[in-house]
Amino acid sequence: MTTFSLNQSSFLSCSGVSGCGKRRSFSNLDARRAGLALKVVSVSTTGRVVTEERNAVVESKKLKEMGENATAAAASTSEAIKKEGEVLTVGGGVRDVYGEDCATEDQLVTPWSVTVASGYSLLRDPLHNKGLAFTDKERDAHYLRGLLPPAVVTQELQVKKTLNNLRQYKVPLQRYMAMMDLQETNARLFYKLLIENVEEFLPVVYTPTVGEACQKYGSIFTRPQGLFISLKERGKILEVLRNWPEKNIQVIVVTDGERILGLGDLGCQGMGIPVGKLSLYTALGGVRPSACLPITIDVGTNNEQLLNDEFYIGLRQKRATGQEYADLLHEFMTAVKQNYGEKVLIQFEDFANHNAFDLLSKYSSTHLVFNDDIQGTASVVLAGLLSALKLLGGSLDEQTFLFLGAGEAGTGIAELIALEMSKQTNLPLEEARKKIWLVDSKGLIVSSRKESLQHFKKPWAHEHEPIRNLIDVVQDIKPTVLIGSSGAGRTFTQDVVEAMASINERPVILALSNPTSQSECTAEQAYTWSQGRAIFASGSPFDPVKYEGKTFIPGQANNAYIFPGLGLGLIMSGAIRVHDDMLLAASSALAEQVTQENFERGLIYPPFTNIRKISANIAARVAAKAYELGLASRLPQPQDLVKYAESCMYSPVYRNYR
Ligand SMILES: NC(=O)C1=CN([C@@H]2O[C@H](COP(=O)(O)OP(=O)(O)OC[C@H]3O[C@@H](n4cnc5c(N)ncnc54)[C@H](OP(=O)(O)O)[C@@H]3O)[C@@H](O)[C@H]2O)C=CC1
Ligand SMILES: CC(=O)C(=O)O
Ligand SMILES: [Mg+2]
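Residues numbered from 1 in each chain as written. Chains lettered and ligands numbered in written order. Predicted model: local features only at pLDDT ≥ 70, side-chain atom pairs only at ≥ 80, totals over all residues. Heavy atoms only, no water.

> Would you mind showing me how to read the coordination of the magnesium ion (ligand 3) here?
Donor atoms from the polypeptide that bind the magnesium ion (ligand 3) are Glu-349 (OE), Asp-350 (OD) and Asp-373 (OD), placed at 2.0 to 2.1 Å. Written as a sequence motif, the donor arrangement for the magnesium ion (ligand 3) is E-D-x22-D. Exposure class is identical for Glu-349 and Asp-350. Each is buried. (Donors = N, O, S within 2.8 Å, 3.2 Å for Na, K, Ca; no water. Buried < 20%, exposed > 50% of the residue type's maximum accessible area, 1.4 Å probe, protein only.)

> Sorry, what's going on with the environment of Leu-453 here?
Inspection of the secondary structure puts Leu-453 in the loop between strand E12 (443–444) and helix H21 (470–477). By relative accessible area, which is 7% here, Leu-453 ends up buried. Linking Leu-453 and Val-275, residues 178 residues apart in sequence, is a C-alpha distance of 34 Å. Setting aside anything within four residues of it in sequence, one finds Leu-453 in contact with Ile-445, Val-446, Lys-458 and Ala-461. (Helix = DSSP H or I, 4+ residues; strand = E, 2+ residues; numbered from the N terminus. Contact = heavy atoms within 4.5 Å.)

> Is there a simple way to think about the packing of aromatic side chains in this case?
Two aromatic rings are characterised by how far apart their centres lie and by the angle between their planes. Evaluated as defined, the whole model comprises 14 aromatic pairs. Ring geometry for Phe-221 versus Phe-228: centroids 6.1 Å apart, planes at 75 degrees, classification edge-to-face. A relative accessible area of 30% means that Phe-221 is categorised as partly exposed. Ring plane angle 90 degrees and centroid distance 5.6 Å describe the contact between Phe-348 and Phe-351, whose orientation is recorded as edge-to-face. Phe-348 gets classed as buried once you look at its relative accessible area, which sits at 1%. Members of the aromatic cluster, each reached through a chain of ring pairs, are Tyr-527, Phe-536, Phe-542, Tyr-547 and Phe-552. (Phe/Tyr/Trp six-rings, centres within 6.5 Å; stacked < 30°, edge-to-face > 60°.)

> Would you explain the nonpolar core in this entry?
Within soluble globular proteins, side chains that are nonpolar tend to cluster in buried spots. In this structure, Met-179, Tyr-281 and Ile-417 are the most contacted members of the largest nonpolar core, which totals 125 residues. Here this core takes 10 residues from helix H27 (residues 611–628), the largest share from any one element. Sequence-distant contacts of Met-179, defined by excluding residues within four places in its chain, comprise Leu-166, Phe-190, Leu-193, Leu-194, Phe-201, Val-204 and Val-205. Grouped together as the second largest cluster of nonpolar side chains are 36 residues, Ile-237, Val-240, Ile-249 and Leu-359 included. (Core = buried A, V, L, I, M, F, W, Y, C linked by side-chain atoms within 4.5 Å.)

> Would you explain the state of the cysteines in this entry?
Covalent bonding between the sulfur atoms of two cysteines defines a disulfide. Within the structure shown, the criterion is met by zero disulfides. Sulfur of Cys-214: no disulfide; nearest cysteine sulfur belongs to Cys-268 and is 11 Å away. The class for Cys-214 is buried, based on a relative accessible area of 0%. (Disulfide = S-S within 2.5 Å.)

> Can you walk me through the site of ligand 2 in this structure?
Near ligand 2 the following residues occur: Tyr-206, Arg-259, Leu-261, Lys-277, Glu-349, Asp-350, Asp-372, Asp-373, Asn-514, Asn-558 and Asn-559. Residue Lys-277 places a side-chain N or O atom 3.0 Å away from an oxygen atom belonging to ligand 2. One of the side-chain nitrogen or oxygen atoms of Asp-373 is found 3.0 Å away from an oxygen atom of ligand 2. When ligand 2 sits alone it has 220 Å² of accessible area, and the protein chains cover 91% of it. (Near = heavy atom within 4 Å. Polar contact = N/O pair within 3.5 Å; in protein donor to acceptor, adjacent residues only side chain to side chain. Areas by Shrake-Rupley, 256 points an atom, 1.4 Å probe, with all protein chains shown as cover.)

> Explanation requested: the domain arrangement of the protein in the structure shown.
One widely used convention gives an interface's size as the accessible area the parts lose upon coming together. Each domain of the protein was delimited in the assignment, giving domain 1 (119–202), domain 2 (208–367), domain 3 (375–557) and domain 4 (561–633). On a C-alpha basis, the centres of domain 3 and domain 4 stand 23 Å from each other. Carbon and sulfur atoms supply 71% of the area that domain 3 and domain 4 bury against each other, a total of about 1900 Å² over both sides. The interface formed by domain 3 and domain 4 contains one salt bridge. A salt bridge links Asp-581 to Lys-423, with the shortest nitrogen-to-oxygen separation between them at 3.0 Å. In this structure, the connection of domain 3 to domain 4 is made through six residue pairs in polar contact (both at pLDDT 80 or more). Elements with a contribution of two residues or more to the side of domain 3 that touches domain 4: helix H18 (372–392), helix H19 (408–425), strand E15 (535–538) and strand E18 (555–556). (Domains from an automatic or database assignment. Buried area = accessible area lost by both parts, 1.4 Å probe. Salt bridge = Lys/Arg side-chain N within 4 Å of Asp/Glu carboxyl O.)

> Help me understand the side chain of Ser-485, please; the structure alone is not making it clear to me.
As for its position among the elements, Ser-485 is in the loop between strand E13 (481–484) and helix H22 (494–503). Within polar-contact distance, the side chain of Ser-485 engages the backbone oxygen of Gly-405 at 3.0 Å. Contact partners of Ser-485, with chain neighbours within four places excluded, come to Phe-403, Leu-404, Gly-405, Ala-409, Gly-410, Ser-513 and Glu-520.

> Got a minute to help me understand the packing of helix H9 (residues 187–196) against helix H14 (residues 272–283) in this structure?
The axes of two packed helices give the description: the angle between them and the distance between them. Contact geometry for H9 and H14: axes closest at 10 Å, N-to-C directions at 80 degrees. Regarding the angle of H9 to H14, the classification is roughly perpendicular. Each of Phe-190, Tyr-191, Leu-194 and Ile-195 in H9 lies in contact with H14, whose residues at this interface are Leu-278, Ser-279, Thr-282 and Ala-283. Across the contact of H9 with H14, the residue classes tally to six nonpolar, two polar and no charged. (Axes fitted to C-alpha atoms, helices over the stretch in contact; angles between N-to-C directions. Parallel < 35°, antiparallel > 145°, perpendicular 65-115°, else oblique. Nonpolar A, V, L, I, M, F, W, Y, C, P; charged D, E, K, R; others polar.)

> Teacher, can you tell me more about the site of ligand 1 here?
Taken together, the neighbourhood of ligand 1 is formed by 26 residues, with Arg-259, Asn-353, Ala-406, Ser-441 and Lys-457 sitting nearest. Within the backbone of Ala-409, a nitrogen or oxygen atom sits 2.9 Å from an oxygen atom of ligand 1. Here a nitrogen atom of ligand 1 sits 2.9 Å away from a polar atom, N or O, in the main chain of Ala-557. Burial of ligand 1 by the surrounding chains reaches 83%, relative to a free accessible area of 920 Å². For the shell around ligand 1, the secondary-structure elements that each account for two or more residues are H18 and H19. Residue composition of the shell around ligand 1, by class: seven nonpolar, 14 polar and five charged.

So this is what it looks like as structure tokens:
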């Protein structure tokens, strides 16, 4: 294995010797221009794929021999290539002939190979297909003649046409299916459309529609969008990982489907969630689509309705638990590290809390792992609270927090608030926690219940008499901030919101539960019942609300603001572990992106329209923290991390092919 310094790898990794994946690993054009005597790979007859295997060590040696001149050569090479418009250069990195941005990857794959798909195969390769946007020259060069009608159109026109078509669908699930179809047909068009129309299509590929898609996944399933690893694959998980066509994976989102949004156990059909989250990694965070791998672990389901559904696509058995479950997960975690190395980010998503906390603590010291529901949600909510303070005045420790729901989201947020409070005031963590109260399905969590509490609830069992109902808790505790993390829809009833409004001039009410049906209250309810005084945000989006002649725009408190930027920051710094301070850094980076204009409209989050800029800022702060903590492996540290983050981001614009 040959390794390069960052300066070298920013060029070399992209030009193939470092192996940017089996299919797009090397542009011969780049190689020739970089002074390497590589044989030009010829394209086969129509529809064939030419694969050329080489020994990377030999080529690596040649590049090493270039020594210090490599970077300079790379820079001038990039410039030359740019002029011809054949490949795009960004930030000193080079994208290969198919335009895959490999700037963040420096792993070596030996032996590497070059594969060129042409003709019919090219049209069916979603990462490279451009449909009618293939130019006449490209059609000649890539054996596409006759496979396409004569018209040549721009990507912009394709976006316009696709938008027109998508808007014809009035049923959200049909829009979802059309979007998935587009993703599977032409990824760049899918991402361009999603990025340019993020507020319109986020609710389609993500919450709320993705929830319905998971519920009906068996019926709408057509093609695999990720890997299914079930108990049947026990002992063979490494082989299963190797069946995935992309080799150079940077982020895995994995679920076992037991707590999909607030919809409960959807078993194998939870796959819609990793697929959706990873679409956001690319669209919002700029991680290459080919570097993203959605995985669903299927250990059965306890959902009787699914078990009896003839279209169910998962194992027809009750969930495996205990040692059997732990062994499968351990085999998975081990295989991932073995196959992709230790810098692949594994995001745990929508596991039930009885596994989520244990998995996170078991693997956080050996793998680059992150639980989105516990940690990403905490980071996004803390950001919202930091910016709400600008509307409210005062400091974090002057607030009293009440949660409905004491699971992953609730206790995860509570802990990060306490941590931030403790850092801000030097208050011991134990003391900071006393400002935070949680209610679960049995009522207020108090010390007299301590023995029977799950471990993650114990820090929140304060001295107090038990109280059963939320309204009584609100009247007793008098919170300034009320947070819904229960998964139980419409539990912030009129009397609860009215009580919050009678206690506070500007009550902060966050109804985090997803999808929309599970939101603790609607935006309209929050504004109406508080006479327009609530500072409100919800996990799933709500339309603007008109109340007494004024229009209120609800914010979206969703971890989608955090995980794409956090992930990018981890990847670009080569972080080896996730640290709480990175979550705090992400929170403050997000809070700083809220503008005066946003505040004037009552918003505590910036609009999603600016999300790529927001993600670059989050990534930069997370990466800076990784360097500061000595957890970053990609050295030296780039000087301007925001610019570097932007330069690493995937662009969905079509590339010109030779
Ligand atoms: N907006 C966002 O970014 C995110 C939103 N979420 C949403 O948060 C919700 C909860 O997720 P998560 O924390 O992982 O789930 P958990 O299952 O871990 O926790 C749910 C908690 O809510 C409590 N609860 C359930 N029903 C009621 C009720 N009727 N009254 C009072 N408490 C109740 C449970 O009580 P008990 O412990 O007694 O069973 C439990 O403490 C989901 O809807 C999810 O979609 C999650 C992550 C991110
Ligand atoms: C948003 C999210 O992660 C959830 O609802 O589970
Ligand atoms: Mg989740």
